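Coordinates in review
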Amino acid sequence: RPALLEVRGLSKYFHVGQGFKPKQLRALQDISFTLGEREVIALVGESGSGKSTIARLIARLMPVSGGKIFFQGRDILDAEPREASRDYRSHVQMIFQDPFGSLNPVHTLGYHLERPLLLHGKARTDAELRDRVHALLSTVDLNPAAEVAAKYPHQLSGGQRQRVAIARALAPEPSIILADEPISMLDVSIRVGVLNLMERLKEERGISYLYITHDLASARYFADRTMVLYAGQLVESAPSEELMQRPAHPYTQLLLSAVPDPTGSITSELKARPGAPVLIDPPPGCPFAARCPNVLPACRERMPGRTQLDATRWVRCHLFGEGAPAVPEKAEA
Ligand code: ATP
Ligand code: MG
């Protein structure tokens with residue numbers, strides 16, 4: 001697959017605290033991956049690991065601290081003419097966890113879809129605009145479209161609102177959708193329907209997704225590949241099925257063994273282990289060392305580089321690095 005999007009060595013620091021010496025919070029470090037055409041990559045990790053920050057940086061909603069982002073081979077962070085920047089923004093759209101929060105209660109759903117169509121020059125007459133709005137609503141299975149367009153956000157269910165958010169993201173005809181926990185606030189019974197819609201849009205419109213989730217089962221269902229983020233660093237990447245069946249990194253193993261709590265959070269078992277990641281003045285070494293059941297002396301000294309396990313899988317863990325002690329591929333957690 002040709003790389004549609006390439007993220008190379010991305011980092012993000014936030015300045016936090018007050019007074020004369022605000023501290024640096026290291027939210028992301030050395031994030032590199034590529035997203036291919038019609039590819040779905042899931043990004044999983046605990047709360048605070050930096051998932052949303054990755055999406056916001058790619059969507060250019062905030063400046064990066066370091067690293068590069070290439071879209072179709074073009075460096076999009078370079079100082080560039082406004083046109084090119086607008087072109088990129090139309091190609092990369094975001095949908096959020098809370099569809100209600102992103103819809104304005106005083107406007108009809110039709111209005112919400114007209115805005116991006118006009119902004120991105122997708123309609124020239126009122127009739128064209130109306131047809132486009134109706135077509136978008138039909139695309140996301142909100143019918144009869146004319147009726148839905150006249151409604152207000154509170155008249156829709158959560159699942160219907162998320163469909164409107166998806167329709168709005170489709171308006172500029174994007175090639176990438178960054179979906180930040182798009183189904184986690186929805187009723188369990190309608191989640192699969194929304195994922196299936198996203199899957200259909202991938203097939204019909206050639207859309208690629210970065211799918212951010214806490215829910216490993218949905219990552220397995222929807223994503224070709226899953227990347228695991230820990231304390232702002234990617235620690236493992238593999239085809240979803242393989243990652244779930246044979247997790248390599250001790251953190252991934254713990255994630256998979258964790259029993260979800262009633263809120264659907266995957267952190268319950270990990271929370272029981274002391275050593276939650278430190279993002280301000282972090283100690284050297286692997287951020288997972290403090291909680292890792294397989295920790296080695298080297299883990300407290302330096303973060304290992306990537307070890308390619310096979311053509312499609314890599315891991316960042318001293319257990320797999322050069323000169324690592326011989327361990328079975330699945331270390332016992
Ligand atoms: P969640 O699963 O809870 O959504 P996340 O993986 O999306 O978490 P982020 O929201 O990306 O995590 O946050 C990563 C880290 O960066 C956190 O420690 C967070 O507190 C910090 N952070 C995020 N945005 C800001 C900001 N604007 N200012 C300061 N710190 C921030
Ligand atoms: Mg988030």
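Residues numbered from 1 in each chain as written. Chains lettered and ligands numbered in written order. Predicted model: local features only at pLDDT ≥ 70, side-chain atom pairs only at ≥ 80, totals over all residues. Heavy atoms only, no water.

Looking at an unreviewed UniProt entry, the protein carries the name (GlcNAc)2 ABC transporter ATP-binding protein, with the source organism given as Melittangium boletus DSM 14713.

**A short note on the pattern of salt bridges**
Pairing between side chains becomes possible if they bear opposite charge and their charged atoms approach one another. Put simply, the test is: By convention in these notes, a salt bridge is any Lys or Arg side-chain nitrogen within 4 Å of a carboxyl oxygen on Asp or Glu.
Enumeration over the complete set of coordinates arrives at 18 salt bridges. Between E203 and K202 there is a salt bridge, with its nearest N and O atoms 3.8 Å apart. When salt bridges that share partners are traced, they join D141, R163, R200 and E204 into one network.

**Some points on the side chain of Q93**
Stated precisely, the cut-off is as follows: Strands are runs of DSSP state E lasting at least 2 residues, helices are runs of H or I lasting at least 4, and numbering of each runs from the N terminus. Classification of residues uses two cut-offs on accessible area relative to the type maximum, computed with a 1.4 Å probe and protein chains only: under 20% is buried, over 50% is exposed, and between them is partly exposed. Contacts described as polar in this section are N or O atom pairs within 3.5 Å, which, within protein, must combine one atom able to donate a hydrogen with one able to accept it, while residues neighboring in sequence count only if both atoms come from side chains.
Looking at where Q93 falls in the secondary structure, it is placed in strand β6 (residues 92-95). Residue Q93 is classed as buried on the basis of its relative accessible area of 15%. One polar contact links the side chain of Q93 to the main-chain carbonyl oxygen of R89, over a distance of 2.8 Å.

**Topic: the pairing of strand β8 (residues 208-213)**
Working note: regular strand, side chains alternate between the two faces of the sheet. Put simply, the test is: Whether two strands pair depends on DSSP finding at least two bridges between them.
For β8, a buried count of six out of six residues is recorded, marking the element as mostly surrounded by other parts of the structure. The alternating pattern of β8 places S208, L210 and I212 and Y209, Y211 and T213 on opposite faces, both of which are buried. Looking at chain direction, strand β3 (residues 40-44) and β8 are connected through five bridges and run parallel. From the neighbouring strand, I41 faces β8, where its bridge partner is L210. Where strand β7 (residues 176-180) and β8 come together, five bridges link them in parallel fashion. By the bridge assignment, I176 is partnered in β8 with S208.

**Comments concerning the site of ligand 1**
Heads up, the rule is: The cutoff for a nearby residue is simple: one of its non-hydrogen atoms must lie within 4 Å of the molecule or strand. Reported accessibility uses the Shrake-Rupley method at a 1.4 Å probe radius. Residues are deemed covered only where the shown protein chains occlude them. Residues were grouped as follows: Ala, Val, Leu, Ile, Met, Phe, Trp, Tyr, Cys and Pro as nonpolar; Asp, Glu, Lys and Arg as charged; and all remaining residues, including Gly, as polar.
Surrounding ligand 1, one finds 15 residues, the nearest of these being S47, G48, K51, S52 and T53. A distance of 3.5 Å separates an oxygen atom of ligand 1 from a polar atom in the side chain of H214. In isolation ligand 1 has 640 Å² of accessible area, and contact with the protein removes 66% of it. Per-element accounting of the shell around ligand 1 gives the leading share, three residues, to helix α1 (residues 51-58). Of the residues assigned to the shell around ligand 1, the class counts are five nonpolar, seven polar and three charged.

**Observations regarding the sheet that holds strand β4 (residues 66-71)**
Threshold: Should any heavy atoms of two residues lie within 4.5 Å, those residues are counted as being in contact. Helix axes are fitted to C-alpha atoms over the stretch in contact, other axes to C-alpha atoms as well, and angles between N-to-C directions run from 0 to 180 degrees.
Strand order across the open sheet formed by four strands is β2-β1-β4-β5, with antiparallel pairing between neighbours. Where the open sheet ends on each side, the last strands, each with one partner, are β2 (23-36) and β5 (74-75). Taken together, the ten bridges between strand β1 (residues 3-16) and β2 define a ladder with antiparallel strand orientation. What sits directly across from L10, in β2, is I31. Lying over the sheet, α1 contacts β1, β2 and β4, oriented at roughly 115 degrees with respect to β1.

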